[in-house]
Amino acid sequence: MNTIPGYTHGTPSVSRSPVSLTDFEQMKASVLFGEEDVKFLRMSHDIVKGRVEAILDVWYGFVGSQPHLLASFSGKTDGKPLGDYLTPVRKRFGQWILDTSSARYDQAWLDYQHEIGLRHHRVKKNKTDGAPSTDLVPFRNLFALIFPVTFTLRPFLAEQGHSAEDVEKMYAAWVKSCLLQVTLWAHPYVKDGDF
């Protein structure tokens, strides 16, 4: 039984993604994502599963050092960081690391990517945790975070003695997966009919 507050992957509370599995296959082709990438994401799982908190420390440190990023986790009225909001988000973010490295691209996963996008958009932001935070994570910040998230992950991927070639392939798989996921998260931000 999952005890992460608000983590609803694979549950009936998550609505079906408007992006079909066929659409997703085309997206994968556009980013050159294939079975080798699945293999290397899963290889990374054995590395990251024991380092989730350390990875999150790096990522939270970066977000916390950038006021424009931290604003999405701050009070709407006073602009102060909301610890009661950041804590459950951190737990879900940790699970996202494990989900990404598990590379299980089925309908439930696709549906949950849409849910994640909704939770960053004004449609559902703050509803999961009842947080009195800003109404929207600006999309420009979501997309731009692909680089610091993947770049700062790279040293962790090299920690267990894998060859430089394997580390590079794990890193490339993470970049492609993050591009795919953030593209899926963009759906609620895009004008109807334009996705």
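What you are looking at is a predicted structure, and each value in this text was computed from that prediction instead of being measured. (Residues numbered from 1 in each chain as written. Predicted model: local features only at pLDDT ≥ 70, side-chain atom pairs only at ≥ 80, totals over all residues. Heavy atoms only, no water.)

### Brief notes about the overall build of the protein chain
Heads up, the condition is: A run of DSSP states H or I qualifies as a helix once it reaches four residues; a run of E qualifies as a strand once it reaches two. Both are numbered from the N-terminal end. We call two residues contacting when some pair of their heavy atoms lies within 4.5 Å. Working definition of accessibility: Shrake-Rupley area with a 1.4 Å probe, residue cover restricted to the visible protein chains.
For the protein chain, the count of helices and strands is nine helices and zero strands. Helices (α) and strands (β) of the protein chain occur, in sequence order from the N terminus, as α-α-α-α-α-α-α-α-α. In terms of overall dimensions, the protein chain has a C-alpha envelope of 50 × 35 × 35 Å along the principal axes. A separation of at least 24 residues holds for 78% of the contacts in the protein chain among residues at least 6 apart in sequence. As displayed, the protein chain offers around 10000 Å² of accessible surface, 58% of which is attributable to carbon and sulfur atoms.

### Considering the layout of surface pockets
Put simply, the rule is: Buried and open spaces are told apart on a 1 Å grid over the protein atoms alone, a cavity being a set of points where a 1.4 Å probe fits but cannot get out and a pocket being an open set with protein on both sides within 12 Å along at least five of seven lines. Residues with an atom within 4 Å of a point are the lining residues. Grid points are joined across faces, edges and corners, and a volume is the space filled by probe spheres set on the points. When residue character is reported, Ala, Val, Leu, Ile, Met, Phe, Trp, Tyr, Cys and Pro are called nonpolar, Asp, Glu, Lys and Arg charged, and the others, Gly included, polar.
Volume-wise, the largest pocket comes out at about 820 Å³. If you trace the largest pocket, you find 41 residues lining it, with Phe73, Val89, Phe93, His120 and Trp185 closest to the centre. When contributions to the lining of the largest pocket are tallied by element, the ones reaching two or more residues are α3 (52–64), α4 (67–70), α5 (83–102), α6 (107–120), α7 (139–144), α8 (146–157) and α9 (164–185). No other element matches α5, which puts seven residues into the lining of the largest pocket. Classifying every residue of the lining of the largest pocket by side-chain character gives 26 nonpolar, eight polar and seven charged.

### A word on the packing of helix α2 (residues 35–48) against α9
Short version of the rule: The angle between two axes is taken between their N-to-C directions and runs from 0 to 180 degrees, where each axis is a line fitted to C-alpha atoms and a helix contributes only its stretch in contact. Relative orientations are named as follows: roughly parallel for angles under 35 degrees, roughly antiparallel for angles over 145 degrees, roughly perpendicular for angles from 65 to 115 degrees, and oblique for any other angle.
Two elements in contact, α2 and α9, have axes whose closest approach is 8 Å; the angle formed by their N-to-C orientations is 105°. For the element pair α2 / α9, the angle class is roughly perpendicular. Judged by residue contacts, Glu36, Asp37, Phe40, Leu41, Met43, Ser44 and Ile47 of α2 engage Asp166, Lys169, Met170, Ala173, Trp174, Lys176 and Ser177 from α9. A class-by-class count of the residues in the contact of α2 with α9 yields seven nonpolar, two polar and five charged.

### A short note on α8
For clarity, the cut-off: For a helix, the expected span equals 1.5 Å multiplied by the number of residues minus one. The classification of residues rests on relative accessible area computed with a 1.4 Å probe and restricted to protein chains. Under 20% of the type maximum is buried, over 50% is exposed, and intermediate values are partly exposed.
In this model, α8 (12 residues) spans 16 Å end to end at C-alpha, consistent with the 16 Å of a helix rising 1.5 Å per residue. Of the residues making up α8, those classed as buried are Ile146, Pro148, Val149, Thr150, Leu153, Phe156 and Leu157. Buried-residue contacts for α8 involve α2, α3, α5, α7 and α9.

### Digging into the nonpolar core
Applicable threshold: Note on terminology: a nonpolar core comprises buried Ala, Val, Leu, Ile, Met, Phe, Trp, Tyr and Cys residues joined through side-chain atoms within 4.5 Å.
Counting 42 residues, the largest nonpolar core has Trp96 and Ile97 as its most contacted members. A per-element tally of this core places α9 first, with 10 residues. With residues near it in sequence (within four places) discarded, tryptophan 96 still touches Trp59, Ile116, Val149, Trp174, Cys178, Gln181 and Trp185. Ranked by size, the runner-up nonpolar core spans eight residues in total, among them Leu69, Tyr85, Leu86 and Ala131.

### Digging into unusual backbone geometry
Residues apart from glycine generally show negative phi values, whereas peptide bonds are mostly found in trans. Backbone geometry places leucine 32, a non-glycine residue, at a positive phi of 60°. As for its placement among the helices and strands, leucine 32 is situated in the loop between α1 (21–30) and α2. Phi is positive for asparagine 126, close to 80°, though the residue is something other than glycine. Positionally, asparagine 126 belongs in the loop between α6 and α7. The buried category is assigned to asparagine 126, whose relative accessible area is 11%.

### Structural notes on α2
The condition is simple: Of all possible arcs, the one meant is that of the directions from the helix axis to the C-beta atoms.
In a regular helix each residue adds 1.5 Å, so 14 residues correspond to 20 Å; α2 covers 20 Å between its end C-alpha atoms and thus fits that length. All of the buried residues in α2 are Asp37, Val38, Phe40, Leu41, Ser44, Ile47 and Val48. Looking straight down α2, one finds that the buried residues subtend no more than 170° of arc, so they occupy a single side. Residues of α2 that are exposed and angled more than 90 degrees away from the buried face: Glu35 and Lys39.

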